[in-house]
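In case you want the letters, here they are:
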Amino acid sequence: MEMVKTKLVAIVLLCAVSFGAQAREYTWKRYLMDGSRTGGKTINELSGTPKKAAKLLDSCQEGMAELKTVVGYCPEALPMYRPQSPLTNLVADILLEEGSRIAGEPCDMSITNNGGIRVELPKGDVFLDDIRSMLPFKNNVAILKMRGEKILGVLEFMASKRFEAIGGVKVVVGRSGIESVMIGGRPLEKDRLYTVSANSFLLDGGDGYYLRKDSEQCNVTDEYIYDIAMKYFNRLKAEGKPIVSKLDDRVVLNYVPEDMAVSTTESLPPFSQKRLSTDRKRVLTILHTNDTHSHLEPIRGGRYSGLGGIVERAAFIDSVRRADGRRNVLLLDAGDFNQGTSYFTTFGGEIELKAMNLLGYDAGTLGNHEWDNGLDDLNSRLARINQKMLLCNYRIDNKAFWKNVKPYAIIHRGGLKIGLVGILANLDGLTRGIDTKLDYIYPVEPVNELATFLKEKKKCDVVIVLSHCGTVPERKEDGDIRMASKLKNVDIIVGGHSHTDLKEPVYVDGADGKPVMILSDYQWGIYVGEVKL
């Protein structure tokens, strides 16, 4: 079991962070869900909530039996990361090869978003379940005709933001921008018309890309990216060939990105581990998760093989509740508990709903992937979730939605009065499942209004923002770190969306001069964070 015990060291993530204020009286740890509590145990050997969680998963197996079909073999695990990785290179190369078949001519380049690739492939047998989980979205193959000048603009956008999966090209990037681009082994020609095989999600604003507008011709085919990947894997299996991929020179960075820099502890104030009060009635434990993405079972392969799963998480949560007393424990989630494995694509979010209820979450906010099956479907699930669902920075003309979602909540735990607020990133370009107009509001004003109300009118001891805006900004909107400096009366931000691997909390001085503690638990239920007050 890994336990990270912090001393107020902050990772500098794409923005300047102020550490001038005095440290809050909090401690933060994160616990690795490594199977040490439940690994290897049968259902009959488990008890309490872990046993119920195991039974929930067992009840799903008949409906997922077909997904256990072996469709290939990986000699080595294929992980996913940026700016390139074995897995993203594989998917981009499949899109390039199969796109050429669909187009009836060689494609010069391929592009798909990393966000459309949801899990890593394991070493050994690869199941249909792995491919369904890896490519769960119904995104089509689009064949585009693009001038070299437009392709350069797309690559410059990537270089300024973060690279997506690309094939057929070699891009060299320096600190000031792109230094060179090769396509098909030759320098990119700005006036030349190239054939590009692309993910249709990127055509009209998905992840900030507008490839349709950048193209002179655009043919959205009837073939899904998942389907062309299965054709590729089936062909490999029929030929007795393994699934292999590796790093190459398609993306070369001639500098160290700023978000890899880490601050030192020399200039930082000491991290206080003192309780808020010596009165045992005023002790609060906050457990938090984010971006679990339907990872109900331990992760099958890749860098995180064997980690996570709701059975292990249930055992950890039960142990904390036993040790600290259930009335002193608050369990929170910062969104995207849906989409990412075959559990969601097979059961439509029903199993995640049952899991959240089973684990006894107290409150959460919505992530962008909660909307993937549309608002009516989301409303149906929200009507049956036990936790308080919070969102304050959207205008949505839908009574059924607001019946089950509120801007704020007040919960009494550990002798304290806790105010909670929920916020969500701008959904434009993040999901295509929404069939109702949603008006996004920049979160600072509604959060400040509610936090002031909760602190001054409702006399809350602590105000917590559950944020699915990203610890660091992914697009033009501010992430949690930037927003925190504009907030008042906020003590803690529990964040999600950017899958940021915070090994220590970040503290930022708020607009009222008081420090705001920013937390995040990375992704896929690998960790559960714990705050002690």
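Everything quoted here is computed from the prediction, not taken from an experiment.

This part is about the overall build of the protein chain. Counting its regular elements, the protein chain contains twelve helices and 27 strands. In the protein chain, which comprises 533 residues, the share counted as buried stands at 59%. Once local pairs closer than 6 in sequence are excluded, the contacts in the protein chain between residues at least 24 apart make up 79%. Roughly 21900 Å² of accessible area belongs to the protein chain as shown, and the carbon and sulfur atoms make up 48% of that amount.

The subject of this paragraph is the nonpolar core. The biggest cluster of nonpolar side chains holds 76 residues, and the ones touching the most others in it are Leu121, Met134, Phe233, Trp371 and Phe401. In terms of residue count, the dominant contributor to this core is helix 5 (residues 225-238) (eight residues). With 27 residues, the next largest nonpolar core counts Ile151, Leu152, Met158 and Ile183 among its residues.

Right, let's get into the environment of Leu90. Locating Leu90 in the fold gives a position in helix 2 (residues 86-103). Accessibility expressed as a relative area gives 2% for Leu90, which makes it buried. Ignoring any residue separated from it by four or fewer positions in sequence, one finds Leu90 in contact with Leu78, Leu121, Tyr232, Phe233, Ile243, Val244 and Ser245.

Here the focus is the sheet that holds strand 23 (residues 462-468). Taken together, six strands build an open sheet; the order of strands is 20-21-23-24-26-25 and the sheet is mixed. With partners counted over all chains shown, the strands left at the sheet margins are strand 20 (408-413) and strand 25 (506-509), one partner each. Geometrically, the sheet is characterised by an average inter-axis angle of 25° between neighbouring strands, direction not taken into account. In the sheet, strand 20 pairs with strand 21 (residues 416-424) via six bridges, with the strands oriented antiparallel. Within strand 21, the residue paired with Ile410 across the bridge is Gly419.

With that out of the way, let us pick up helix 4 (residues 148-160). Here helix 4 contains 13 residues, and its C-alpha end-to-end distance of 18 Å stays within 8% of the 18 Å for a straight helix at 1.5 Å per residue. Considered for burial, the residues of helix 4 that qualify are Gly148, Ile151, Leu152, Val154, Leu155 and Met158. Buried positions in helix 4, seen along its axis, are confined to an arc of 160° and lie on one side of it. Opposite its buried face, helix 4 presents the exposed residues Glu149 and Ser160, each directed more than 90 degrees away. Buried-residue contacts for helix 4 involve strand 4 (109-112), strand 6 (140-147), strand 7 (165-167), strand 8 (169-174), strand 9 (177-183) and strand 11 (193-199).

Moving on to the confidence of the model for the protein chain. Residues of the protein chain with pLDDT of at least 70 account for 89%, and the chain-wide mean is 89. Ignoring residues within four places in sequence, the model shows residues 1-24, a span with pLDDT below 50, making 87 contacts including any to other chains.

Next up on the list: unusual backbone geometry. Arg82 connects to Pro83 through a cis peptide bond whose omega is 5°. Position of Pro83 among the secondary structure elements: in the loop between strand 3 (70-74) and helix 2. Unlike most non-glycine residues, Asp207 shows phi in positive territory, near 55°.

The next point concerns the packing of aromatic side chains. For the structure on display, the rule yields ten aromatic pairs. For the pair Tyr232 and Phe233, a centre-to-centre distance of 5.7 Å together with 75° between the ring planes defines the contact as edge-to-face. Here the two residues Tyr232 and Phe233 agree in accessibility, since each one is buried. Stacked on the ring of Tyr527, the Lys or Arg Arg30 has its end atom at 3.7 Å from the ring centre. When the ring centre of Tyr210 is taken as reference, the NZ or CZ atom of Lys213 above it lies at 5.0 Å.

Our focus in this paragraph is the side chain of Thr289. Here Thr289 lies in strand 14 (residues 285-289). With residues near it in sequence (within four places) discarded, Thr289 still touches Arg313, Leu332, Asp333, Ala334, Tyr361, Asp521, Tyr527 and Val528.

Another aspect to go through is helix 9 (residues 375-382). Residues of helix 9 that are buried: Leu375, Leu378, Asn379, Arg381 and Leu382. Down the axis, helix 9 shows its buried residues gathered within 165° of arc, on one side only. Next to the buried residues of helix 9 lie helix 8 (350-359), strand 17 (388-390), strand 18 (394-396), helix 10 (399-404) and strand 19 (405-406).

Reading the values: the criteria
Residues numbered from 1 in each chain as written. Predicted model: local features only at pLDDT ≥ 70, side-chain atom pairs only at ≥ 80, totals over all residues. Heavy atoms only, no water. Helix = DSSP H or I, 4+ residues; strand = E, 2+ residues; numbered from the N terminus. Buried < 20%, exposed > 50% of the residue type's maximum accessible area, 1.4 Å probe, protein only. Contact = heavy atoms within 4.5 Å. Areas by Shrake-Rupley, 256 points an atom, 1.4 Å probe, with all protein chains shown as cover. Core = buried A, V, L, I, M, F, W, Y, C linked by side-chain atoms within 4.5 Å. Pairing = 2+ DSSP bridges. Axes fitted to C-alpha atoms, helices over the stretch in contact; angles between N-to-C directions. Expected span 1.5 Å × (residues − 1). Arc of directions from axis to C-beta. pLDDT = per-residue confidence, 0-100. Phe/Tyr/Trp six-rings, centres within 6.5 Å; stacked < 30°, edge-to-face > 60°. Lys NZ or Arg CZ within 6 Å of the ring centre and 35° of its normal.

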